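# Understanding the architecture of this molecule
This is what each chain is made of:
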Amino acid sequence: MTTKDNLTAVLYKKEDLRLEQRPIPVPKDDEVLLRMDSVGICGSDVHYLVHGRIAHFVVDKPMVIGHEASGIVDKVGKNVKSLKPGDRVAIEPGVPCRVCTFCKTGKYNLCDEMVFCATPPYDGNLTRYYTHPADFCFKLPDHVSMEEGALLEPLSVGVHACRQANVMIGDSVLILGSGPIGLVNILAAKSMGASTIIITDIVDSRLAKAKELGATHTINTKSITKVKEHIEKLLGDLPNKTIDCVGAEATIRLGIEATRAGGNLVVVGLAADEVKIPMAYALSREITILGVFRYCNDYPLALDIVASGKVNVKPLITHHYTLEETLEAFETARTGRGNAIKVMIHANADYKK
Ligand code: NAD
Ligand code: ZN
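Along each chain, the written sequence defines residue order, and numbers are assigned to residues from 1. Starting at A for chains and at 1 for ligands, labels are handed out in the order in which the entities are written. Local features are withheld for residues below a pLDDT of 70 in this predicted model, meaning they are given only at 70 or higher, and side-chain atom pairs are given and counted only at 80 or more; totals for whole chains, interfaces and linings count all residues. Side-chain measures were taken over the full set of non-hydrogen atoms in the model, leaving aside hydrogen atoms and water.

## A closer look at the pairing of strand β20 (residues 342-346)
Three exposure classes are used, based on accessible area relative to the maximum for each residue type with a 1.4 Å probe and protein chains only: buried under 20%, partly exposed in between, and exposed over 50%. Counting from the N terminus, the helices are the DSSP runs of H or I reaching at least four residues and the strands are the DSSP runs of E reaching at least two. For β20, the tally of buried residues reaches 5 of 5 residues, placing the bulk of the element in the interior. Burial of β20 is two-sided: the residues K342, M344 and H346 facing one way and the residues V343 and I345 facing the other way are all buried. For two strands to pair, DSSP has to find at least two bridges joining them. Sheet topology note: the strand β3 (residues 31-40)/β20 ladder contains 3 bridges and is antiparallel. Counted as the bridge partner of S38 is H346 from β20. In terms of strand pairing, strand β19 (residues 317-322) meets β20 through 5 bridges, oriented parallel. Counted as the bridge partner of H319 is V343 from β20. A clockwise path from the first strand over the helix to the second, with the strands pointing away from the viewer, defines a right-handed crossover. Handedness of the β19-helix α10 (residues 326-335)-β20 crossover: right-handed.

## Notes on the domain arrangement of the protein
For the domains described, the bounds stem from an automatic or database domain assignment. Entries for the protein in the domain assignment read domain 1 (7-151 + 313-346) and domain 2 (158-291). Computed from C-alpha atoms alone, the centre-to-centre distance between domain 1 and domain 2 is 28 Å. Contact between two residues is taken to exist if any of their heavy atoms lie within 4.5 Å; hydrogens are not considered. Between domain 1 and domain 2, the contact holds 10 residues from the first and 11 residues from the second. In total, domain 1 and domain 2 occlude about 780 Å² of area from one another, counting both sides; carbon and sulfur atoms represent 66% of this. Contact with domain 2 buries surface across domain 1, with P315, L316 and I341 losing the most and accounting together for 60% of the total. Here's the idea: put two parts together, see how much 1.4 Å probe accessible area each one loses, and the total over both is what we call buried area.

## Regarding the coordination of the zinc ion (ligand 2)
The coordination sphere of the zinc ion (ligand 2) contains the protein donors C97 (SG), C100 (SG), C103 (SG) and C111 (SG), at a distance range of 2.3 to 2.4 Å. Considering all 4 donor atoms around the zinc ion (ligand 2), angles at the metal cover 103 to 117 degrees and the coordination shape is tetrahedral. Note that water is not among the atoms considered, so a metal site may appear incomplete; the donors listed are N, O and S atoms within 2.8 Å of the metal, with 3.2 Å applied to Na, K and Ca. In the primary structure, the donors to the zinc ion (ligand 2) are separated according to the pattern C-x2-C-x2-C-x7-C. As far as the burial class goes, C103 and C111 line up, both buried. When four donors show all angles between 85 and 135 degrees the site is tetrahedral, when four or six donors have opposite pairs over 155 degrees and all other angles between 65 and 115 it is square planar or octahedral respectively, and in every other case it is irregular.

## Structural notes on the site of ligand 1
Every one of the 22 residues lining ligand 1 counts as a neighbour, but I181, D201, L270, V292 and R294 are closest to it. Think of a polar contact as two N or O atoms within 3.5 Å of one another; within protein, one of them needs to be a possible hydrogen donor and the other a possible acceptor, and neighboring residues in sequence only count if both atoms come from side chains. Within the contact set of ligand 1, an oxygen atom lies 3.2 Å away from a backbone nitrogen or oxygen of P180. Those elements that provide at least two residues to the shell around ligand 1 are α4 (180-191) and β14 (196-201). Amino acid classes used here: Ala, Val, Leu, Ile, Met, Phe, Trp, Tyr, Cys and Pro are nonpolar; Asp, Glu, Lys and Arg are charged; the rest, including Gly, are polar. For the shell around ligand 1, the residue count by class is 12 nonpolar, 7 polar and 3 charged. Nearness here has a simple test: a residue counts as near a molecule or strand if at least one of its heavy atoms is within 4 Å of that partner.

In structure tokens:
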């Protein structure tokens, strides 16, 4: 039942996140109105709060925050045939133009006209009611929870990265960084058949979570100096696929050095704008270096590996908050207190802790 309550989390500018009432939007013909349910906090949401910008994306007018989300269909626009009120859906937060060459050739994540939730100037969905194109909503089977639906967003980044790396059965995969993105890469690599997954971080609690999610080996690179040699000793060889989920000069360099000749290095992390890398060494060993930008046609696969029970995303969630507690939730996410990994905000008014 629709009420007048549309409490919404709005980032006015750096360090100025407010809760305020907004009008309940009306779905366009191809859209659905969603009663929002679970919304995870992403590192980028925290970055906008703390810095007011990411690269050339600047918060220069109030912006609704949040993009890792799920909701329940409340109303449908007149052209919508795929969904009906009551359907529970995961929301793919980026909607491309659908007509440019990238869109037409199936690379819609590269579309210049992408409207992406909580990337300025576009509003996100940490709110009670939100409208979204129906074809970017994925119906969840009854046994998949709303929280799992929200986690399909980061999981899709992992699926896309592992597809870029061409992870396959029997692979040995090195993942650099054990934050939420490194962790979803463990899940994706595992589901694609990797037999060995070795992961690094500089924080032991993050490595413990990686082990829980299926990493076969963990390395704290703070306490080990010759990391490449250490990996070689552990595995008896170097990994043939590496996924950098930090993006610092040191990790990209390690990625080049610690990937087996002829292997693939995928860089997901965006920690540094410019880095110095041993290019000749990379080329002479035929290391293929690939980029990743979000995901593209990866939501269905992410949903499939969760729904089939191949992977369990639930251990990623460490904290739960109500929408009214949004500021506290962001404080937890930004400080990492209580070993926070994924902080989940429950946007539905009837959520009880
Ligand atoms: P995060 O900051 O929570 O995690 C990063 C992890 O790396 C932390 O656990 C940290 O302790 C660890 N780390 C830092 N320096 C390290 C080092 N030298 N060696 C090993 N580990 C180290 O971030 P996240 O949410 O997991 O995201 C990871 C990166 O991926 C970020 O840079 C983010 O911007 C990027 N990202 C990119 C895309 C994309 O489309 N390309 C999408 C989502 C996130
Ligand atoms: Zn396009």
